[in-house]
Protein chains: 2
Amino acid sequence: MTATTLRTALVIGCGTAGTSVALALTGAGVDVALLDEDPQALAEAVALGAGTGWTPRRPPAGIVVIATPPSAVVDVLHQAQSRGLGHVYTDTAGTKEIICAEAELRGCDLKGYVPGHPLAGPDAPGRAAADAGRFTGRPWVLCPYETTPGWALETAAALIGLCGARRLDLEPHVHDRVAAELSHGPHLVAAALATRFARSSTALLGLADDALRDAVRPAGGDPWPWGDVLAHNAGPVADVLDRLAGQLTRAAAVLREGAGSAPLELAVLLEQGRQGQAALEEARELRTPRDARTGDRV
Amino acid sequence: MTATTLRTALVIGCGTAGTSVALALTGAGVDVALLDEDPQALAEAVALGAGTGWTPRRPPAGIVVIATPPSAVVDVLHQAQSRGLGHVYTDTAGTKEIICAEAELRGCDLKGYVPGHPLAGPDAPGRAAADAGRFTGRPWVLCPYETTPGWALETAAALIGLCGARRLDLEPHVHDRVAAELSHGPHLVAAALATRFARSSTALLGLADDALRDAVRPAGGDPWPWGDVLAHNAGPVADVLDRLAGQLTRAAAVLREGAGSAPLELAVLLEQGRQGQAALEEARELRTPRDARTGDRV
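Looking at an unreviewed UniProt entry, one finds chain A named Prephenate dehydrogenase/arogenate dehydrogenase family protein, with Streptomyces tirandamycinicus as its source organism. Regarding chain A, the relevant UniProt record gives this comment under Sequence similarities (unreviewed entry): "Belongs to the prephenate/arogenate dehydrogenase family."

Here it is, written out as structure tokens:
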């Protein structure tokens, strides 16, 4: 098997993810065209050197990367396939099960579509975080259909390779449950934690330590794309939130009623948390140098 | 008014807080004696250069710093005062209302006791985090009684000054509510978030990003002292947990039932979170160089 060579790409959606993919591809010598319904987003991506604005005269791209919010992916995919903009299509949305099902229901050409989700480092708000190294050494999930042909998978794998990422194939519902546990649920928890501080006095907030700032930092992200992502992964996220709410409610009851036994009962929860935190750090150690120790890029 | 000069100190409890205070005082030229019921903890603090082991021949110390878990503070204070170990007493416990009330009920000498709580950077687990600069530029809360005499307050203020911290006087119940909001509640949330990961597969945990690791890092702390702190601030912490549980339960319900309106309803919560996160960052900007930008010590 020879490695698939990717010479041209079209990136639709010049947010952080799309622009980062485009920067990585351009840096790898791919001829990248860009599309965004927001002319300013497009202009900024072009100015960053991510590629050139798409024109109708371009031949179909080797791969079309749909980097829109989840709720727009299937519409964009359907239109792009109807117009014949590329040979193979993928997306970068953070939810997969609804998108995979909708693409099938809408009658998209599933042979040429490989649903995907590149996992990046922490999202800095805004497009300024676009970065050719955003996906280096990070997992890039693919959720191929059973019927996805080898040539489409190889093209998607070539994209992942050019971005320096690690391919990981998952079933869509597995991806979404994991994303709810590791990202979507915790994001909403950070937001809920932070709501209280909007009206707090600056003097008292000055007593906060780095641990709290680290915990609520994700809440600084743009609310709109997150609302879209969460609603697109509603069931798994709701499960995570309900489970956490139950744990917190029980802990509160222990605190209110437990008296002398409260430290012991809380220590059980805290010890489980300590083990979970250790497991998370252990998993990190097994990863590539990019984020294994310092979070620095290699 | 001349600045109170502190020439001698006794630090009881050679955990992270006590050893850090002792290191700062020793570094400032104070003659520091150390006490700990755990001979190994005492030996480690001495080996770090925090001071010398206390002996009964020492004259009463200028200040006695009680750096035990919250549940032990009043016992230790009462014994230390009975034995005449110092002129002024303070403590470093992270809860204040119960301690202040118990010290009064137990008949401690309130004229010589100034309840305190130095706020440090993020706790690294274990004693290795002891550091003379731990409190530099950080707030150090005092909760004086109405009857606390000026000389006792001045001695406590001298201690704070020698540790490079900023004095902030608060009522005990205000301190405890703020601590529940900024530290104790979020700590339990981090633990609850992390519990799930103890049994997760390493491959899937490898999909976690820095945001999640940052959020659950506090869960890595030793469960026992935290159980004690939480139980000592039970009411305010339970209030924080119940409120958060309510927010998460409502968000889960919106996700399960909200259908098309879910993104909008969630965006309201997310936007409040964004404002709270911004307020927290703004409060940080107003702080001293130690943690204003990088978290590095100055």
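What follows picks up the thread again.
Draft legend 1. View of the sheet that holds strand β3 (residues 52-53) of chain B. Residue and element names in this part refer to chain B. Sheet architecture is open: 6 strands sit in the order β3-β2-β1-β4-β5-β6, paired in parallel fashion. Edge positions in the sheet fall to β3 and β6 (113-114), since each has one partner strand and no second. Pairing geometry for strand β1 (residues 8-12) and strand β4 (residues 61-66), over 4 bridges, is parallel. Looking across to β4, one finds that Leu-10 is bridged to Val-64. Here helix α3 (residues 70-82) sits on the sheet in contact with β1, β4, β5 (86-91) and β6, set at roughly 175° to β5.

Draft legend 2. Focus on the domain arrangement of chain A. All names here are of chain A. What the domain assignment lists for chain A is domain 1 (8-170) and domain 2 (175-257). Between the C-alpha centres of domain 1 and domain 2 there is a distance of 29 Å. Each partner contributes to the interface: domain 1 provides 15 residues, whereas domain 2 provides 11 residues. With both chains or domains summed, domain 1 and domain 2 bury close to 1,000 Å², and 62% of this area falls on carbon and sulfur atoms. When residues of domain 1 are sorted by the area they lose upon contact with domain 2, Pro-70, Thr-95 and Ile-98 head the list and together hold 37% of the total. The tally of links from domain 1 across to domain 2 stands at 0 salt bridges. Summed over the shared surface of domain 1 and domain 2, the number is 5 residue pairs in polar contact (both at pLDDT 80 or more). Counting only elements with at least two residues in the side of domain 1 that touches domain 2, the list comes to α3 (70-82) and α4 (97-105). Element by element, the count of residues in the side of domain 1 that touches domain 2 is highest for α4, at 3 residues.

Draft legend 3. Summary view of the environment of B:Ala120. Here B:Ala120 shows up in the loop between β7 (116-118) and β8 (139-142). Take B:Ala120: its relative accessible area is 12%, and that puts it in the buried class. Taking the C-alpha atoms as reference points, B:Ala120 and B:Pro186, 66 residues apart in sequence, are found 16 Å from one another. Setting aside anything within four residues of it in sequence, one finds B:Ala120 in contact with A:Asp209, B:Arg134, B:Phe135 and B:Arg138.

Draft legend 4. Here's a closer look at the relation of the copies chain B and chain A. In the superposition of chain B on chain A (RMSD 0.1 Å, axial shift 0.0 Å), the rotation amounts to 180°. On this basis, the relationship between the two copies can be described by a two-fold rotation axis.

Draft legend 5. Representation of the packing of aromatic side chains in the model. Residues and elements named next belong to chain A. Applying the stated criterion to the full structure yields 4 aromatic pairs over all chains. On the numbers, 6.3 Å between centres and 55° between planes, the contact of Tyr-113 with Tyr-145 is tilted. Taken together, the positions of Tyr-113 in strand β6 (residues 113-114) and Tyr-145 in the loop between β8 (139-142) and α5 (150-162) put the pair 32 residues apart, joining distant regions of the chain. For the pair Tyr-113 and Tyr-145, a shared accessibility class is recorded, and that class is buried.

Criteria and cut-off values
- Residues numbered from 1 in each chain as written.
- Chains lettered and ligands numbered in written order.
- Predicted model: local features only at pLDDT ≥ 70, side-chain atom pairs only at ≥ 80, totals over all residues.
- Heavy atoms only, no water.
- UniProt positions renumbered as here; feature names shortened; annotations may be inferred.
- Pairing = 2+ DSSP bridges.
- Helix = DSSP H or I, 4+ residues; strand = E, 2+ residues; numbered from the N terminus.
- Contact = heavy atoms within 4.5 Å.
- Axes fitted to C-alpha atoms, helices over the stretch in contact; angles between N-to-C directions.
- Domains from an automatic or database assignment.
- Buried area = accessible area lost by both parts, 1.4 Å probe.
- Salt bridge = Lys/Arg side-chain N within 4 Å of Asp/Glu carboxyl O.
- Polar contact = N/O pair within 3.5 Å; in protein donor to acceptor, adjacent residues only side chain to side chain.
- Buried < 20%, exposed > 50% of the residue type's maximum accessible area, 1.4 Å probe, protein only.
- Least-squares fit on C-alpha atoms with pLDDT ≥ 70 in both.
- Phe/Tyr/Trp six-rings, centres within 6.5 Å; stacked < 30°, edge-to-face > 60°.

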